[in-house]
Amino acid sequence: MNDTIQARLEALADEKDSAVLQSFFKTGPGQYGEGDRFRGIRVPVLRKLCREFPQAAIAEALTLLQSPWHEDRLLALLLLVDRYNSSDDAGREEIYETYCSRTDRINNWDLVDLSAPNIVGRHLATRDRSPLDRFAVSSNLWERRIAIVSTFHFIRQGQFDDTLAISELLLGDRHDLMHKATGWMLREVGKRDQPILEAFLARHYPRIPRTTLRYAIERSPKSAARPG
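Everything numeric in this text was worked out from a predicted model, so none of it was measured.

**A word on the overall build of the protein**
And then number 1: What the protein contains, in helices and strands, is 15 helices and zero strands.
And then number 2: For the protein, whose C-alpha radius of gyration is 18 Å, the value lies close to the compact-globule estimate of 17 Å for 228 residues.
And then number 3: C-alpha atoms of the protein, sized along the principal axes, occupy 60 × 40 × 30 Å.
And then number 4: A buried classification covers 53% of the 228 residues belonging to the protein.
And then number 5: Looking at the protein alone, contacts between residues at least 24 apart form 69% of all its contacts between residues at least 6 apart.

**Observations regarding the side chain of T27**
And then number 1: The topology assignment puts T27 in the loop between α2 (15–24) and α3 (43–51).
And then number 2: According to the relative accessible area criterion, T27 is buried, its value standing at 14%.

**As for the pattern of salt bridges**
Close approach of charged atoms allows side chains with opposite charge to pair.
And then number 1: Taken as a whole and assessed by the stated rule, the structure comprises eleven salt bridges.
And then number 2: Residues E188 and R192 are paired through a salt bridge, measuring 2.9 Å at the closest nitrogen-oxygen approach. Within this pair, E188 and its partner R192 are both found in helix α13 (residues 176–192), separated by four residues, close to a single helical turn.
And then number 3: Here E188 falls in the buried class, since its relative accessible area comes to 7%.
And then number 4: One connected set of salt bridges, linked through shared partners, spans E188, K191 and R192.

**Section: the packing of helix α5 (residues 70–86) against helix α8 (residues 116–124)**
And then number 1: For the pair α5 and α8, interaxial distance at closest approach is 9 Å and the crossing angle is 35°. Counted together, L80, V81, Y84 and N85 of α5 and N118, I119, R122 and H123 of α8 form the full contact between these two elements.
And then number 2: The residue inventory of the contact of α5 with α8, partitioned by class, reads four nonpolar, three polar and one charged.

**A word on unusual backbone geometry**
And then number 1: Backbone geometry places K26, a non-glycine residue, at a positive phi of 55°.
And then number 2: Counting through the fold element by element, K26 comes out in the loop between α2 and α3.

**Concerning the side chain of R129**
And then number 1: Relative to the assigned elements, R129 resides in the loop between α8 and α9 (130–136).
And then number 2: A polar contact is formed between the side chain of R129 and the side chain of Q159, at a distance of 2.8 Å.
And then number 3: A polar atom in the side chain of R129 sits 2.6 Å from the side chain of D162.
And then number 4: Beyond its immediate chain neighbours, meaning those up to four positions away, R129 contacts L124, F154, Q159 and D162.

**Focus on the packing of aromatic side chains**
The description of an aromatic ring pair rests on the distance of the ring centres and on the angle between the ring planes.
And then number 1: All told, the structure shown has six aromatic pairs when counted by the stated rule.
And then number 2: Both rings, one in F24 and one in W109, keep their centres 6.0 Å apart while their planes meet at 65°; by these two values the pair is edge-to-face. Remark: W109 occurs in helix α7 (residues 109–113) and F24 occurs in helix α2; sequence separation between them is 85 residues.
And then number 3: Between F25 and W109, the aromatic rings sit 5.1 Å apart at their centres with planes inclined by 25°, giving stacked as the arrangement. A residue pair is termed long-range when its members are at least 10 positions apart, and F25 in the loop between α2 and α3 and W109 in helix α7 qualify at 84 residues.
And then number 4: Judged by its relative accessible area of 22%, W109 falls in the partly exposed class.
And then number 5: Grouped by ring-pair contacts, the aromatic residues F24, F25, F38 and W109 constitute a single cluster.

Calculation criteria
- Residues numbered from 1 in each chain as written.
- Predicted model: local features only at pLDDT ≥ 70, side-chain atom pairs only at ≥ 80, totals over all residues.
- Heavy atoms only, no water.
- Helix = DSSP H or I, 4+ residues; strand = E, 2+ residues; numbered from the N terminus.
- Rg over C-alpha atoms; globule rule 2.2 N^0.38 Å.
- Buried < 20%, exposed > 50% of the residue type's maximum accessible area, 1.4 Å probe, protein only.
- Contact = heavy atoms within 4.5 Å.
- Salt bridge = Lys/Arg side-chain N within 4 Å of Asp/Glu carboxyl O.
- Axes fitted to C-alpha atoms, helices over the stretch in contact; angles between N-to-C directions.
- Nonpolar A, V, L, I, M, F, W, Y, C, P; charged D, E, K, R; others polar.
- Polar contact = N/O pair within 3.5 Å; in protein donor to acceptor, adjacent residues only side chain to side chain.
- Phe/Tyr/Trp six-rings, centres within 6.5 Å; stacked < 30°, edge-to-face > 60°.

These values are about where atoms sit, not about what they do.
This is the structure in C-alpha cells:
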C-alpha cells in the first residue's frame, strides 16, 4: 500500500504551492522549519487522501513519518488520528506510545496542531497527565508545543487546570511559536470561561509575553486587555 500512497502524493504535488508553503513555514537557514521540503499539497487535499486509505496500517503511517516531505509526514499523522479513533484500547496505547517516541518527526507547528489534541490529549484524558509536564520542559520546541496544544482536548471537555498549569510553565519560553500556542490555548479557555482567563492573566501579567497576551485576549472584552 505504501507504493500506492507515494504515487498519489507525487501525483498531487504542485510546484507553485510548494514555493508558497516553503516560505510560509519558514524553511530558510536558521528558521524553525529549516530544511523542510514541501510537495505543495494543501491540508484539505491531504484529508481527502487520508480517506482513500482506511485500511492503512500503523506501520505504513510510520514509514510515511520518516519521509523528508512535509506532506507525507502530515498524512502519516492524519492516518494515525484516524486509526486511533477506530482502534481498541490496545491499539490506542500503541499509537500513543509510537507518537510520543517519534516526536523528532513531528517537527512543525501544523503537524503538532492537527494531531496532538486528537492523540495525546485524547489518550491522557482518562490517564495520568504527567507526560505533558515532561514535554513542557523539553529542550525540543515541538515537544513543548505538543504539551500545550494537547490540552485543547481537555478544554473541549470543560477542563482547564492542565492548560493553566502548562501555560504557567511556558511563560518563560523564548520562542514566538510557543507564545502563540500558549496564547491560543488561553483564548480557548476564555471563550468558555472568561473569569478564569482574567484571573490567570491578572495573576501572571508581569511575566506574560506580549504575543501570548495578544492572542489570549483577542476575543475578550476590552476590560481584559490589562488585568488588574
